[in-house]
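Spelled out from the first residue to the last, the chains are:
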Amino acid sequence: MSTEKKHPKLDTIRALLAKAEDPATTEAEAELARKRAFEMMAKYGVEQALLNDGQPSEDAITSRYVKLPNPWSMSRMRLMYLVAEALGCKAIYLRERREGGTRVLHVFGYESDIQRAEVLYASLVLQMFGGLAAQPVPYDVRSARAWRNSWQLGFIERVIARLREIEKAARTAAEAETSATGRGGALVLADRDTQVRAAFRREHGRVQKTRGTYTGSGYGEGAAAGNRADIGGTRIGGTTAGALAS
C-alpha cells in the first residue's frame, strides 16, 4: 500500500510508530511513543477535515485497491477493513479479484483518511503478527491453525473497539469547532460521511454482507493482546467484527 500525498504530521506519526516497534525500545518508551502517535492520528483526521472543507483539490474523495497476501490473508483483510471503516472510510472485499491467496479490498474515503488507515494498519498488523509469534499454542488444542486464527480475531476485535472509541472522542471534541468555510465541525464531519457513502454506492450499489466465523479457542488470549496493543485509548469492552461490506 502507498499514499499519494505526504504530510509532515504523518511522517512524525510514522517515526513514533517505528520507535514503538523497534525491539531495542523499552516497553515504557514504546508505550509512550504509541500513545503519542495515536493521539496525533486522531487530531490529524479532524484537523484535515476542517482545514480542507470546501477544497476538494486538497483532500478529495478517492479509492484504493488494497492487496492483502498470505499468510493469514483473511485476518489481514479483516483488520484493514475495520481500520478503514473506523476512520471514516468504506470498504468492500472484491471476491472476484482474488489472486491465489491474495485478497483485495476496495477502500473509499477522503485522501487524508485513507492515509491514516494505511499508516495505522501497517502498525497494527506488525503488532498482531508479533504477538501471535510470541504466543505458544496450548498443548491440548486440536488445531493449531484454528487456535491462531481465533487469536487473531480476538486481537482485531479488541483493538478496533478501542480505536472506535478514540475516533468518537476526537469527533465529539471537534463538534464545536469551525471549518475553513465557517461551517460547524459536526456538520462537516457528517457531510464527509455522507459523501463517502455516496461514492461507495455509486461504485458498489448492491453488496452482500458476510460475517466471519472461527472454531479455535485462542480468542481470549488474542483479545488480551489487543488490550495490550497501546493505541492511546482506555480499556473498553469488546465488539463484533461486523460485515465485510456495509
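Just so it is clear, the model here is predicted, and its values are computed rather than measured.

Here we take up the overall build of the protein chain. Tallying secondary structure elements over the protein chain gives seven helices and three strands in all. Counted from the first residue to the last, the protein chain has its helices and strands arranged as α-α-β-α-β-β-α-α-α-α. Taken over 246 residues, the protein chain has a buried fraction of 48%. Surface exposure of the protein chain reaches about 12000 Å², of which carbon and sulfur atoms provide 50%.

Further remarks concern the pattern of salt bridges. Tallying each qualifying case throughout the model produces 12 salt bridges. Arg-64 is the salt-bridge partner of Glu-118, the closest N and O atoms lying 3.2 Å from each other. Separated by 54 residues along the polypeptide, Glu-118 in helix α4 (residues 111–134) and Arg-64 in strand β1 (residues 61–68) bring together distant segments of the chain. Overall, the relative accessible area of 5% leaves Glu-118 in the buried class. Among the residues examined, Arg-64 registers a relative accessible area of 10% and is labelled buried.

Let us look at the confidence of the model for the protein chain. Within the protein chain, residue pLDDT values average 81, and 80% of them lie at 70 or more. This stretch, residues 230–246, has a pLDDT under 50; its non-local contacts, to residues over four places away or in other chains, come to 63 contacts.

Moving on, we get to the packing of aromatic side chains. Counting across every chain of the model gives two aromatic pairs. Note on Phe-108 and Phe-200: the rings are 5.6 Å apart at their centroids and 85 degrees apart in plane angle, and the pair reads as edge-to-face. With Phe-108 in strand β3 (residues 103–110) and Phe-200 in helix α6 (residues 185–203), this residue pair connects regions lying 92 residues apart in the sequence. Like Phe-200, Phe-108 is buried. The side chain of Lys-90 reaches across the aromatic face of Phe-200, ending 5.7 Å from its centre. The ring of Tyr-65 carries the charged tip of Arg-97 above its face, separated from the ring centre by 4.3 Å.

Inspection of the secondary structure assignment puts Glu-175 in the loop between α5 (144–174) and α6. On the basis of relative accessibility, which here comes to 46%, the residue Glu-175 falls in the partly exposed class. Taking C-alpha positions, Glu-175 is 4.3 Å from Ala-186, a pair spaced 11 residues apart along the chain. Here Glu-175 is in contact with Gly-185 and Ala-186, once residues within four sequence places are set aside.

Criteria and cut-off values
Note that residues are indexed from 1 along each chain, following the sequence as it is written. Totals for whole chains, interfaces and linings use every residue, but because this is a predicted model, local features are given only for residues with pLDDT of at least 70 and side-chain atom pairs only at 80 or more, for both listing and counting. Think of the side-chain values as coming from all heavy atoms in the structure, minus any hydrogens and water. Secondary structure is summarised from DSSP: a helix means a run of H or I of at least four residues, a strand means a run of E of at least two, and numbering begins at the N terminus for each. Residue exposure (1.4 Å probe, protein chains only): buried if accessible area is under 20% of the type maximum, exposed if over 50%, otherwise partly exposed. To be clear on the numbers: accessible area is Shrake-Rupley with a 1.4 Å probe, and residue cover counts the displayed protein chains and nothing else. Every case where a carboxyl oxygen of Asp or Glu lies within 4 Å of a side-chain nitrogen of Lys or Arg is listed as a salt bridge. pLDDT measures the predictor's confidence residue by residue and takes values from 0 up to 100. Any two residues whose heavy atoms approach within 4.5 Å are treated as being in contact. The criterion for an aromatic pair is that two Phe, Tyr or Trp rings (for Trp, the six-membered ring) have centres within 6.5 Å, with stacked assigned to planes under 30 degrees apart, edge-to-face to planes over 60 apart and tilted to the rest. Sitting over a ring, as applied to charges here, requires NZ of Lys or CZ of Arg to be within 6 Å of the ring centre and within 35 degrees of the ring normal.

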